[in-house]
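Residue-level structural notes
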Amino acid sequence: MTGNLRLWLALFAVLAVVSINPVCGEVLDPFEGLIGKPAPDFAPTFALNGEKIDLEGLKGKVVLLDFWAPWCLPCRATFPYLVKWRERYQEKGLEIVGLTSYYKRFAFDKESGKFKQLAEEMTAEQEQAMLKDFAEHFKVKHLLTVVTPTEMKRVGEAYRVKGIPTAVLIDRAGNVRLAKVGSGEAIAKEIESMINVLLKEEVSADNVPGN
């Protein structure tokens, strides 16, 4: 593994991100102010396991928006949970959307299941083919969407993403109800608990954004 690849992993594959109030030492929720607000939309350029679709097209469903990257090991650690939730809740109204971007220099060997860093950048088409090989290798079945780096920067800032994986749960009315960064059993339990809550809710005039 090259030094640059280690740097990428150190910067982006973050297990947990917290902020500390320098005045009182209080741990601050990085997603405070996002919960209960309309979920920012995004503009995909490519999709696997389904059609390109934005949040507007998913209104009426409970959406689990998963910020991830193929080379991120903690992101891959969430796959067993995502597989289980898709099988258990999709017919009840859950849509899992994996949101990633073009990183240009990470090639995937579908035989070994490993990545290597390239000297030259891949084209968008080459990276899309790589993502297809990745999804087949790891048997990823949920919807995977890709946005441009510029769009990912905008959307990441809108959702206050500081590390990946970051999971955001959006209710049937299009409002953010839960956001968690990291992987592991404790986080998975919180997410699944909220999935069950949101699937039981109905959309009313009171919880539709803008009303």
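Keep in mind that what you see is a predicted model, and the values were worked out from it rather than measured. (Residues numbered from 1 in each chain as written. Predicted model: local features only at pLDDT ≥ 70, side-chain atom pairs only at ≥ 80, totals over all residues. Heavy atoms only, no water.)

Enumeration according to the criterion identifies three cavities of 30 Å³ or more in this entry. Of the volumes computed, that of the largest cavity is approximately 120 Å³. Elements with a contribution of two residues or more to the lining of the largest cavity: strand 4 (62-67), helix 3 (79-89), strand 9 (166-170) and helix 6 (185-200). Considered class by class, the residues forming the lining of the largest cavity number nine nonpolar, five polar and two charged. Lining the second largest cavity are Phe46, Pro70, Thr100, Ser101, Tyr102, Glu127, Gln128, Met130, Leu131 and Val146. Those elements that provide at least two residues to the lining of the second largest cavity are strand 5 (94-101) and helix 4 (124-137). Ranked by residues supplied to the lining of the second largest cavity, first place goes to helix 4 with four residues. Here the residues of the lining of the second largest cavity sort into six nonpolar, three polar and one charged. (1 Å grid on protein atoms, 1.4 Å probe; cavity = no way out; pocket = protein on both sides within 12 Å on 5 of 7 lines; lining within 4 Å. Points joined across faces, edges and corners; volume = space filled by probe spheres on them. Helix = DSSP H or I, 4+ residues; strand = E, 2+ residues; numbered from the N terminus. Nonpolar A, V, L, I, M, F, W, Y, C, P; charged D, E, K, R; others polar.)

Moving on, we get to the nonpolar core. Formed by 62 residues in total, the largest nonpolar core has its most connected members in Trp85 and Tyr159. Ranked by the residues each element gives to this core, the list is headed by helix 6, at seven residues. Setting aside residues no more than four positions away along its own chain, Trp85 makes contact with Leu64, Gln90, Leu94, Ile96, Ala188, Ile191, Glu192 and Ile195. (Core = buried A, V, L, I, M, F, W, Y, C linked by side-chain atoms within 4.5 Å. Buried < 20%, exposed > 50% of the residue type's maximum accessible area, 1.4 Å probe, protein only. Contact = heavy atoms within 4.5 Å.)

This brings us to the sheet that holds strand 9. Hydrogen bonds along the backbone pair up the strands of a sheet, which may run parallel or antiparallel. In space, the six strands of this open sheet follow the order 3-8-5-4-9-10, with mixed pairing throughout. Taken across any chain shown, the strands that pair with only one partner, and hence form the sheet edges, are strand 3 (46-48) and strand 10 (176-181). Pairwise comparison of adjacent strand axes, ignoring direction, gives a mean angle of 20 degrees for this sheet. Where strand 4 and strand 9 come together, five bridges link them in antiparallel fashion. Paired with Val63 across the bridge in strand 9 is Ile170. Sheet contacts for helix 5 (residues 149-158): strand 4, strand 5 and strand 8 (143-147); angle to strand 5, the most-contacted strand, approximately 120 degrees. This element, helix 6, spans strand 4, strand 5, strand 9 and strand 10 of the sheet and lies at about 170 degrees to strand 10. (Pairing = 2+ DSSP bridges. Axes fitted to C-alpha atoms, helices over the stretch in contact; angles between N-to-C directions.)

Before going further, it helps to spend a moment on the state of the cysteines. In the structure shown here, the tally under the stated rule is one disulfide. Here Cys72 connects covalently by a disulfide to Cys75, the sulfurs 2.5 Å from one another. Every disulfide takes its handedness from the sign of the S-S torsion; for Cys72 and Cys75 that torsion is 80 degrees, giving right-handed. On the accessibility criterion, Cys72 (0% relative accessible area) is buried. (Disulfide = S-S within 2.5 Å.)

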